[in-house]
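Listed here are the chains, written in short residue letters.
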Amino acid sequence: MAEVKDNGAVMSQIDLEGSNANLSAEKKGTVDDQRDMFRLGKAQELRRNFRFVSIFGFSMILMASWETMLGTSIIGLINGGTAGLIWMYLVAWIGFLAVNTSMAEMGSMAPTAGGQYHWVSEFAPRKYQKFLSFIVGWFCVLGWQTGAANTAFLAGTQIQGLAILNYPDYTPERWHGTLLTFAVASFSVFFNTFLVKKLPLVEGIVLIVHIFGFFGVLITLWVLGPKGNASEVFTTFNNYGGWSSDGLSAVVGVLAVMIPLLGADGAVHMSEELRDASKILPRSMIWTTILNGMSGWVMVITFCFTLGNLDDVIDTPTGQPYIFVFYQATESYAGASVLSALVIFMAMFCNLSITATASRQLWSFARDQGVPGASWFAYVRPGWDVPMNSIVVSFVVSCLLALINIGSTIALNNITSLSLVAILSSYIASIGCLFWKRITGQPLLPAKFRLSNGVGLFLNGFSLLFLTFAFIFAFFPGNPDPTVEQMNWACLIYGAVLIFAGVDYFVRARHVYDGPVEYIRKLI
């Protein structure tokens, strides 16, 4: 009989079974799920209705690399051009393979909705665990909440771009894009509350659309689109931003290729709704990175080969280069609209998945007393088995941030950088703690997915180098001499949230926030 030691007291397998006696089989999950939750010191509040196919579909759709790459391509076309987009994407894909494999190992060790802030709490040096995990928790909240707003905005403005294509007399206004963002966010909230029990099924179905849509767009562009010269496509860098060199310009455009590859940790924050999480979670994260990364790179090469005149693409009145490229290839409003609608459909479900992730991460952090009003954020309505209040907060944040677009589109675009650097910060901290444990020879937690010490040390170290590089350049503006309106203000907001978190910690949280490690029970 396995025993559990909790703060010096011995707890038996009977205690483990008794603590789950009133849970349904769907909530309990496997014996390993129960043991993980018991070790983590958490009650099973959410329904474990995800399996491998559904969580894999969830991750694939959340990342949606080939679709998101089309939506963010204009950033890379301005700074980097076709060669910059293609080669920076490859660099980012290799980097995220290392990053997500490192996080997959931690996810197998501790499959919890807390994700990065929990891992920091367990793996950081003892005297830094409490404060560092609290700050990382706030970075995760900032990254995922702004990520939900950003993807809703991208989907909303893509709908507006499709309207511009089909109605030449339509005069687009920024507030139209804001209202469309509201609509996308409302769709995500409605689905994550009233239809949440169908979410795993829908994720599996939308995964099929994601796969077949990729081939539909790919084949259409190769058959009907103009063909560029290979040497020009792969070697021509553009520096419309006015940087000192083409290489620097391409690196500044890294934002365009980072966003489509970001978010494999979304599955981590859903791990308390996943059956056999310690085994399935790492498989899902790694395969998502491999397959989404591959499809995204094939799509970006295809897009760059068939885009035609670069100036026309950048200056398209739709504001969406891919819509212009679709119309140029098909020479048909109907054909371009169908292909664009497919991308927009996937963008909406991407936002749905990100909203689910953002709400679970906020709920988990509130469960550990990480935010003011924690009990309200952490409330799970009986029978619904979802953190309803946290979902509503994600909707409100998306709507409030979308209002920025009325005053400045560039200002709202800064939210993209903000989401990226906040999530990258949480990656750096958690992988850094794992790297520290490895390099100091400390034992790691048992896991179903485990890297050898040599491979793990290399991947963790390479991940930190890549993440530091990406973190620095994500703060850069689009040109070296920006006006006030063109400045990337993500650094200001990032700093403000960091200061707020620090003040909140010393005024409130240090009295109530213990950090997840304090609830851990050791299985012996």
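Now for a quick tour of the structure.

What counts and what doesn't
Residues numbered from 1 in each chain as written. Predicted model: local features only at pLDDT ≥ 70, side-chain atom pairs only at ≥ 80, totals over all residues. Heavy atoms only, no water. Helix = DSSP H or I, 4+ residues; strand = E, 2+ residues; numbered from the N terminus. Rg over C-alpha atoms; globule rule 2.2 N^0.38 Å. Buried < 20%, exposed > 50% of the residue type's maximum accessible area, 1.4 Å probe, protein only. Contact = heavy atoms within 4.5 Å. Core = buried A, V, L, I, M, F, W, Y, C linked by side-chain atoms within 4.5 Å. Polar contact = N/O pair within 3.5 Å; in protein donor to acceptor, adjacent residues only side chain to side chain. Axes fitted to C-alpha atoms, helices over the stretch in contact; angles between N-to-C directions. Parallel < 35°, antiparallel > 145°, perpendicular 65-115°, else oblique. Left-handed = near helix turned anticlockwise from the far one by under 90°. Nonpolar A, V, L, I, M, F, W, Y, C, P; charged D, E, K, R; others polar. Phe/Tyr/Trp six-rings, centres within 6.5 Å; stacked < 30°, edge-to-face > 60°. Lys NZ or Arg CZ within 6 Å of the ring centre and 35° of its normal. Patch = residues over 30% accessible without salt bridge, like charges linked within 9 Å, V, L, I, M, F, W, Y side chains within 5 Å. Areas by Shrake-Rupley, 256 points an atom, 1.4 Å probe, with all protein chains shown as cover. Salt bridge = Lys/Arg side-chain N within 4 Å of Asp/Glu carboxyl O. Expected span 1.5 Å × (residues − 1).

### A short note on the overall build of the protein
Right, so step 1: Scanning the protein from terminus to terminus reveals 23 helices and five strands.
Right, so step 2: For 524 residues, the compact-globule formula gives about 24 Å, and the C-alpha radius of gyration of the protein, at 23 Å, lands near that figure.
Right, so step 3: By the burial criterion, 60% of the 524 residues in the protein qualify as buried.
Right, so step 4: Relative to all contacts within the protein whose residues are 6 or more apart in sequence, the contacts with residues 24 or more apart total 81%.

### Some thoughts on the nonpolar core
Right, so step 1: In terms of nonpolar packing, the biggest core is built from 137 residues, with F96, F134, M258, F326, L424 and Y427 touching the most fellow members.
Right, so step 2: Per element, the largest residue contribution to this core is 15 residues, and it comes from helix 17 (residues 333-367).
Right, so step 3: Dropping the residues within four chain positions of it, F134 is found in contact with F365, G370, A501, D504, Y505, R508, A509 and Y513.
Right, so step 4: Listed in part, the five residues of the second largest apolar core include A152, A155, A185 and A347.

### Digging into the side chain of Q160
Right, so step 1: Topologically, Q160 is positioned in helix 8 (residues 129-166).
Right, so step 2: Polar contacts involving the side chain of Q160 include one to the side chain of Y170, which spans 3.2 Å.

### Observations concerning the packing of helix 6 (residues 81-109) against helix 22 (residues 453-473)
Right, so step 1: Closest axis-to-axis distance for the helix 6/helix 22 pair is 8 Å, and the angle between their directions is 130 degrees. Comparing their axes, helix 22 and helix 6 come out oblique. Like other packed secondary-structure pairs, helix 6 and helix 22 cross with a definite hand, here left-handed. Of the residues in helix 22, those in contact with M88, V91, A92, I94, G95, F96, A98, V99, T101 and S102 of helix 6 are L459, N460, F462, S463, F466, L467 and F469.
Right, so step 2: Counted by class, the contact of helix 6 with helix 22 contains twelve nonpolar, five polar and no charged residues.

### Description of the packing of aromatic side chains
Right, so step 1: On inspection of all chains with the given rule, the structure shows 35 aromatic pairs.
Right, so step 2: Pairing W222 with F305 gives two aromatic rings, centres 5.8 Å apart and planes at 40 degrees, and the pair type is tilted. One end of the pair, W222, is in helix 10 (residues 199-224); the other, F305, is in helix 14 (residues 277-306), with 83 residues separating them in the sequence.
Right, so step 3: Given the relative accessible area of 36%, W222 is considered partly exposed.
Right, so step 4: Relative accessible area serves as the criterion here: at 11%, F305 is assigned to the buried category.
Right, so step 5: Taken together, a centroid distance of 5.5 Å and an interplanar angle of 70 degrees make the contact between Y322 and F326 edge-to-face. In this pair, Y322 and F326 are both assigned in helix 16 (residues 321-330), four residues apart and thus about one turn of the helix distant. Take Y322 and F326: they sit in the same class, and that class is buried.
Right, so step 6: Following the ring pairs from residue to residue traces out a cluster consisting of Y117, F131, F134, W138, F365, F500, Y505, F506 and Y513.
Right, so step 7: The aromatic ring of F52 is capped on one face by R283, whose charged end is 4.6 Å from the ring centroid.
Right, so step 8: R367 extends its terminal NZ or CZ atom over the ring of W363, reaching a point 4.4 Å from the ring centre.

### So, a nonpolar patch on the surface
Right, so step 1: Nonpolar side chains collect at one region of the surface, where I208, I211, F212, F215, I219, W222, V223 and L224 lie side by side and expose about 820 Å² of accessible area between them.
Right, so step 2: Among the secondary structure elements, I208 is positioned in helix 10.
Right, so step 3: A relative accessible area of 47% places I208 in the partly exposed class.

### Overview of the packing of helix 8 against helix 9 (residues 174-193)
Right, so step 1: Close contact between helix 8 and helix 9 brings their axes to 8 Å; oriented N to C, the two are set at 125 degrees. Classified by the angle their axes make, helix 8 and helix 9 are oblique. The two elements helix 8 and helix 9 meet at a crossing, and its hand is right-handed. Contact residues: A152, F153, A155, G156, I159 and Q160 in helix 8; H176, G177, L180, T181, V184 and A185 in helix 9.

### Quick look at helix 9
Right, so step 1: Between its terminal C-alpha atoms helix 9 stretches 29 Å, which fits the 28 Å expected from 20 residues at 1.5 Å a residue.
Right, so step 2: All of the buried residues along helix 9 are H176, G177, T178, T181, V184, A185, S188, V189, F191, N192 and T193.
Right, so step 3: Elements that come into contact with the buried residues of helix 9 comprise helix 8, helix 10, helix 17, helix 19 (388-402) and helix 20 (404-407).

### As for the pattern of salt bridges
Right, so step 1: Within this structure, the stated rule accounts for eleven salt bridges.
Right, so step 2: Here R48 and D33 are joined by a salt bridge, their closest N and O atoms 3.7 Å apart. Pair noted here: R48 is in the loop between helix 3 (31-40) and helix 4 (52-63) and D33 is in helix 3, with a separation of 15 residues, a long-range link. Pair check on accessibility: R48 and D33 agree, each one buried.
Right, so step 3: Between E518 and R126 there is a salt bridge, and its shortest N-O distance comes to 2.8 Å. Taken together, the residues span a long stretch of sequence, with E518 in the loop between helix 23 (490-512) and strand 5 (522-523) and R126 in the loop between helix 7 (116-123) and helix 8 at a distance of 392 residues.
Right, so step 4: Take R126: its relative accessible area is 56%, and that puts it in the exposed class.
Right, so step 5: Several salt bridges converge on common partners, so that one network encompasses D32, D276 and K448.

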